[in-house]
Amino acid sequence: MMQNKEPVLELNLTEILTIFPRLKALEDKLSEPERDILSKMEGLLYEYLSIDELETLLKRI
């Protein structure tokens, strides 16, 4: 069986909560691959955080 050799970035929710606001603030300056990572982080946050938690996080941006 062939293994996927694409680069992988593994972050836990705590790390995403720390990194996401900083990346979101720089969104206009990010490259397309960086925006893709930001988008995936945002999707995870919408999936795992409550509305209140997400609102609090987005206020920090």
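Residues numbered from 1 in each chain as written. Predicted model: local features only at pLDDT ≥ 70, side-chain atom pairs only at ≥ 80, totals over all residues. Heavy atoms only, no water.

**A look at the pattern of salt bridges**
Once the charged atoms of two side chains with opposite charge are near each other, the side chains can pair. Under the counting rule described, the total for this entry stands at three salt bridges. One salt bridge connects Glu27 with Lys24, and the closest N-O pair in it is separated by 3.2 Å. A relative accessible area of 28% means that Glu27 is categorised as partly exposed. Salt-bridge contacts for Glu42 lead to Lys24; the nearest nitrogen and oxygen are separated by 3.5 Å. Of this pair, Glu42 sits in helix H2 (residues 32–48) while Lys24 sits in helix H1 (residues 13–25), and the two are 18 residues apart along the sequence. Overlapping salt bridges, with partners in common, bring together Lys24, Glu27 and Glu42 in one network. (Salt bridge = Lys/Arg side-chain N within 4 Å of Asp/Glu carboxyl O. Buried < 20%, exposed > 50% of the residue type's maximum accessible area, 1.4 Å probe, protein only. Helix = DSSP H or I, 4+ residues; strand = E, 2+ residues; numbered from the N terminus.)

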